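Residue strings, one per chain:
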Amino acid sequence: MNSARTSQSARISQAEAERHPLLWDGDVVVVGGGSAGSAAAVAAARRGASTLLVEGAAHLGGTGASVLDTFYGFYAPGTGDRVVGGVGWEVCQALTDRKAAFERPNTYGAGTGVTYDPETLKLVWDELTGSAGVRVLFHARASRVVMEGVNVLGVVVETVAGPGYVRARVVIDASGDADIAWRAGAALERPAEDRVVQPLTQTFRLAGVDAAATPTAELHRLMALHADSGAYKLPRREGSVHRTTEPGVVHTNVTRVSGVDPTDPWQLSAAEQEGRRQAVEYTRFLREQVPGYEQAFPIGSAPRIGVRESRRLIGEYVLDREDVLTARQFEDAIALCGAPIEDHAAGQRTIWRYVGSGDRTPTGRTYGVPYRCLLPRGVEALLVAGRCLSATHDAHASVRSIGQCMAMGQAAGTAAALAVSAGSRPRDVDAVGLREQLAADGALLSPG
Ligand SMILES: Cc1cc2nc3c(=O)[nH]c(=O)nc-3n(C[C@H](O)[C@H](O)[C@H](O)COP(=O)(O)OP(=O)(O)OC[C@H]3O[C@@H](n4cnc5c(N)ncnc54)[C@H](O)[C@@H]3O)c2cc1C
C-alpha cells in the first residue's frame, strides 16, 4: 500500500452498529480530548447534556499536553488585549493558581503566550471534566461512524475490550484530523501534492540550560551561521527554544519536517523518524555552539510528532485570508482571534501576516469565527471544532492556536447541548441565543 488516503468504508448503519455491545447512550459524544474536545465536553455537560468524551490517548489536552507547553491566541498581538475567556481562561487560571503557568512576552510574533507545565494541564482537564460530570473514555479510538441517511447516530469505538457502539444525539468531531467528518462523508479539504500543508515538528526538552545566556535573536543568528556552514543539518533557522516552569529546562519548537501528508500513515511514520533525527541534530548544535547549552541534556520528546494541519472541514462557511487580514466580524461569531497568519510552509522561514494590517505590523485587532465554520454541509447531528474547522490554509494558519481551539470547543459543546434540549439539529441552533449563552458563560465575543 503506497497511499492510505482511500478508505472511508467506516460508515455503517444502525443495524450493523447494534451487532456491537452498546457502550454508552446519551446526548453528546465528543471524539478527541484535545483543547477543543475537552472544552466542548465541559461546556456540553455544564449545559445539562449527558456527555461522553472519547480519547485515543491516556490523557486529555491533546497536542497541548503532549507536544507543547504554551497557549497562544489568548492575547492579541499589538495591544495585548485578552480575546478568549470562558473554559479556556478557566484552564489558564487553574494552572496559574497552582504556580504551573506564567505569561511569556512576545518574543517572535505570536503575542503574549501562557507557558504551562503540561503534566499539570492533564490534571486540570481531568478535574474540569470530572466536576462538569463528563464521562471520559481513554484508550478508545472512534473507528466508524453510524449513520442513517445524512444523520449521524453515533460512533463505534475500539477499546481494550474490543469494539463498542456509542450512541448520541449529537457528535462533536474534535479529532484534529476531521476523522469523523471524513468518515461521515462530509466535504473536506485534504492534503494533496498540490495542496501542501504546514510542516510537522518534533518537540523536545533539554535540562541543564542557562537560557538567559543567549537571547533569541542571537540564537537565530547562530542557527543560520552553522546551518549555512554545512556543519549541521538544521532545516529551520529560527523557531522557539524557551524557558519553562522548571528551572534550567527549555522546551523547543525548532525541527521541521516538510512535504508530509499527515493523513498518509506511511508518510507519517517516516516523519516520526525524521523528527527524531532532527531533534538529535538540533541538540548537538545547541550543546556545541550556543552559550548556556554546554551542559544541556535531553529529558524527553513529544510522544508523537506535532501535526499543525491535515484534513479540514469545508463547512457552511469557509473562513479565508481576507476575513483574517480585514479583521472581519460576523453576526454568528462564536470566538475572536487576533493571532497572525503564521505559515511555516515557506522554506526555512515563517511568513507572518497580522490581522487588520496584512503585513508585519501587529494591530491588536481581531476577527470573528462564525458558528457556520463548525457546521458540515449535508451531514446532520455533527459539529466540528478545533484545528479541523472550516478554514482555508491561510486562515487556518491564524486560527489554529489553542486559545481559539478551546473557544471553538466551548461553542460546539454549548450548541450541541442547546440542540439536544430543543430537540433540533445543530444547524438550527439560533446563533443569537448561542452567543448569549456563550457570553453568559464567560466567552469573549465583542471586539474591543
Ligand atoms: C509543532 C506545533 C507547535 C504549535 N505551537 C503552538 C503554540 O505554541 N501555541 C498554540 O497555541 N498553538 C500551537 N500549535 C497549534 C495547536 O497546538 C493546535 O492547533 C491545537 O492544539 C489543536 O487542538 P485540537 O483540540 O483541535 O486538536 P488536538 O490537540 O490535536 O486533539 C485531538 C485529539 O483527538 C484525539 N483523536 C484523534 N482521532 C481520534 C479518534 N478517531 N478517536 C479518539 N480520539 C481521537 C487525539 O488523540 C488528540 O488527543 C502548534 C501545533 C504544532 C503541531
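Residues numbered from 1 in each chain as written. Predicted model: local features only at pLDDT ≥ 70, side-chain atom pairs only at ≥ 80, totals over all residues. Heavy atoms only, no water.

1. Overview of the sheet that holds strand β15 (residues 297-301)
We apply this condition: The rule for pairing is simple: two strands pair if DSSP sees at least two bridges between them. In this text, helices come from DSSP runs of H or I with a minimum length of four residues, and strands from runs of E with a minimum of two, each type numbered from the N-terminal end. Between the N-to-C directions of two axes lies an angle of 0 to 180 degrees, each axis being a line fitted to C-alpha atoms and, for a helix, fitted only over the stretch in contact.
On the basis of which strands lie adjacent, the open sheet formed by 4 strands has the order β13-β14-β12-β15 and antiparallel pairing. Because the sheet does not close on itself, it has two edges, and the strands there are β13 (240-243) and β15. On average, each strand axis in the sheet is tilted by 25° relative to the strand beside it, whichever way the strands run. One ladder, built from 4 bridges, connects strand β12 (residues 204-207) with β15; its direction is antiparallel. From the neighbouring strand, F204 faces β15, where its bridge partner is S301.

2. So, the domain arrangement of the chain
What counts here: Where each domain starts and ends follows an automatic or database-derived domain assignment. The contact rule is simple, with two residues in contact once any of their heavy atoms fall within 4.5 Å. The buried area of a pairing is the accessible area, by a 1.4 Å probe, that goes missing from both parts when the two are put together, added over both. By salt bridge we mean one thing: a side-chain nitrogen of Lys or Arg within 4 Å of a carboxyl oxygen of Asp or Glu.
Along its sequence, the chain is organised into domain 1 (11-193 + 310-440) and domain 2 (204-301). For domain 1 versus domain 2, the separation of C-alpha centres amounts to 29 Å. Counting residues at the interface gives 22 residues for domain 1 and 16 residues for domain 2. Taken over both partners, the interface formed by domain 1 and domain 2 buries close to 1,700 Å², and the fraction arising from carbon and sulfur atoms is 49%. Seen at the junction of domain 1 and domain 2, the total is 1 salt bridge.

3. Things to note about the confidence of the model for the chain
Keep this limit in mind: As a per-residue quantity, pLDDT reports the predictor's confidence and falls between 0 and 100.
Per-residue confidence for the chain gives a mean pLDDT of 95; residues scoring 70 or more make up 97%. Predicted confidence for residues 1-7 stays below pLDDT 50, and this span has 12 contacts to residues more than four positions away or in other chains.

4. Some thoughts on the sheet that holds strand β6 (residues 113-116)
With antiparallel pairing, 3 strands are arranged side by side in an open sheet as β4-β6-β5. Each edge of the sheet is formed by a strand with only one pairing partner; in this case those strands are β4 (70-71) and β5 (101-104). Where β4 meets β6, 2 bridges bridge the pair, whose relative direction is antiparallel. Pairing of F71 across the sheet is with V114, part of β6.

5. Topic: the packing of helix α2 (residues 35-46) against helix α5 (residues 118-132)
Spelled out, the test is: Orientation labels follow simple angle bins: below 35 degrees gives roughly parallel, above 145 gives roughly antiparallel, 65 to 115 gives roughly perpendicular, and whatever is left gives oblique. Here is the rule for handedness: rotate from the far helix to the near one, and if that takes an anticlockwise turn smaller than a right angle the crossing is left-handed, while a clockwise turn gives right-handed. Put simply, Ala, Val, Leu, Ile, Met, Phe, Trp, Tyr, Cys and Pro go in the nonpolar bin, Asp, Glu, Lys and Arg in the charged bin, and everything else, Gly too, in the polar bin.
Interhelical geometry of α2 versus α5 gives an angle of 25° and a closest axis separation of 8 Å. As the angle between them shows, α2 and α5 are arranged roughly parallel. Once α2 is placed against α5, the crossing between them reads as left-handed. In contact with S35, S38, A39, V42, A45 and R46 of α2, α5 contributes W125, L128, T129 and A132. Its residues assigned to classes, the contact of α2 with α5 shows 6 nonpolar, 3 polar and 1 charged.

6. Digging into the site of the ligand
Rules: When we say a residue is near a molecule or strand, we mean one of its heavy atoms is within 4 Å of it. Polar contacts, as counted here, are pairs of nitrogen or oxygen atoms within 3.5 Å of one another; within protein the pair requires one atom able to donate a hydrogen and one able to accept it, and residues that are adjacent in sequence qualify only if both atoms are side-chain atoms. All accessibility values rest on the Shrake-Rupley procedure with a 1.4 Å probe; residue burial counts only the protein chains present in the view.
What surrounds the ligand is a group of 32 residues, the closest being E55, T63, T70, D179 and R400. Taking E55, its side chain carries an N or O atom lying 2.6 Å from an oxygen atom of the ligand. D179 is positioned with one of its side-chain polar atoms (N or O) 2.8 Å from a nitrogen atom of the ligand. Across the complex, the protein chains shield 93% of the 1,000 Å² of accessible surface that the ligand would expose by itself. When residues of the shell around the ligand are traced back to their parent elements, those giving at least two are α2, α3 (62-66), β4, β8 (141-148) and α11 (402-422). Residue composition of the shell around the ligand, grouped by class: 12 nonpolar, 14 polar and 6 charged.

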